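# An overview of the molecular structure
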Amino acid sequence: MTKTSDEIRKRINAAGARYWAGDNISQYINEGEKDKLIDELTLKFGDVLDSLLIDRHTDPNSIDTGRRLAKMYVHELMSGRYNPAPPATAFPNEPDNITNERYEGMLVVRSELTSVCSHHHQPVKGVAYIGIIAADTLIGLSKYTRIAQWCARRGTLQEELAMDINREIRNATGSGDVGVYIQATHGCCENRGIMAHSSLTQTTVLKGSFFNNPHVKQEFMDNIKLQQEFSC
């Protein structure tokens, strides 16, 4: 019997597409197949527990852990791979009725993120600061965070995540002037390896005037500092 994952993989390969840990593959998944993937994963996670010599049959804390893991990966930790992009309701950036001027200033949004390191599948937790110079299209404030979280809920690296968020915000708004700054802690540093519990990683991706104009870049960094002080 052909596995659901094999059927989906065939579609991806037939399209010449990629399915790395940080890629979105939702367009190749048919209705109802996520539930079938969970069923398939439940058996495989059960095998992993067996090989770890964890009694998942009589240990009350381990009974049904295989299914819990399967649902967590598909619906939570890596849901950004299996779900399409969140709808971003757009509004035209029109002139107001008094000055006949439209908003052309900077907007900075702070978004909390949870991701997964693609190397060890350890949690990555932090915040993204998204800056944008308004263009012809505006999106609702919550949509910045929804887009950032959709990008984060995959197996990824922080450098890639910053680039992904920047690209998707530019696509949703039509603005070429977008800055993304992420600071996060990594489970692969805290829970294994060097066991560094005070480790903090920062990444920045600047496009358009955020990269070319030092005044815009400075305003962005100043706004980040203000938001950090407010959140303390």
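Everything discussed here concerns the structure shown above.
Overview of the structure. (Residues numbered from 1 in each chain as written. Predicted model: local features only at pLDDT ≥ 70, side-chain atom pairs only at ≥ 80, totals over all residues. Heavy atoms only, no water.)

### With respect to the overall build of the chain
Helix and strand content of the chain: 9 helices and 7 strands. On the principal axes, the C-alpha backbone points of the chain span a range of 70 × 40 × 30 Å. For the chain, long-range pairs separated by at least 24 residues make up 67% of all intrachain contacts whose partners lie at least 6 apart in sequence. By element, 52% of the accessible surface of the chain is carried by carbon and sulfur atoms, the whole surface being about 13500 Å². Separation between the mean location of the 26 positive side-chain charges and that of the 29 negative ones in the chain comes to 4 Å. (Helix = DSSP H or I, 4+ residues; strand = E, 2+ residues; numbered from the N terminus. Contact = heavy atoms within 4.5 Å. Areas by Shrake-Rupley, 256 points an atom, 1.4 Å probe, with all protein chains shown as cover. Lys, Arg positive; Asp, Glu negative; His and termini not counted. Charge placed at Lys NZ, Arg CZ, Asp CG, Glu CD.)

### Examining the packing of aromatic side chains
For the structure on display, the rule yields 3 aromatic pairs. Each ring, one from phenylalanine 210 and one from phenylalanine 220, has its centre 5.2 Å from the other, and the planes form 90°; the classification is edge-to-face. Remark: phenylalanine 220 occurs in helix 9 (residues 214–231) and phenylalanine 210 occurs in helix 8 (residues 209–212); sequence separation between them is 10 residues. By the burial criterion, phenylalanine 210 is buried, and phenylalanine 220 matches it. For the cation-ring pair, arginine 18 lies above tryptophan 20, with the distance from its terminal atom to the ring centre recorded as 3.7 Å. (Phe/Tyr/Trp six-rings, centres within 6.5 Å; stacked < 30°, edge-to-face > 60°. Buried < 20%, exposed > 50% of the residue type's maximum accessible area, 1.4 Å probe, protein only. Lys NZ or Arg CZ within 6 Å of the ring centre and 35° of its normal.)

### A closer look at the sheet that holds strand 7 (residues 201–206)
Pairing within the open sheet is mixed, and its 5 strands lie in the order 5-2-3-6-7. With one partner strand each, in any of the chains shown, strand 5 (155–156) and strand 7 form the two edges of the open sheet. Strand direction decides the pairing type here: strand 3 (residues 123–133) and strand 6 (residues 178–186), joined by 9 bridges, are antiparallel. By the bridge assignment, isoleucine 130 is partnered in strand 6 with valine 180. Against the sheet, helix 9 engages strand 2 (106–117), strand 3, strand 6 and strand 7, with an angle of about 65° to strand 2. (Pairing = 2+ DSSP bridges. Axes fitted to C-alpha atoms, helices over the stretch in contact; angles between N-to-C directions.)

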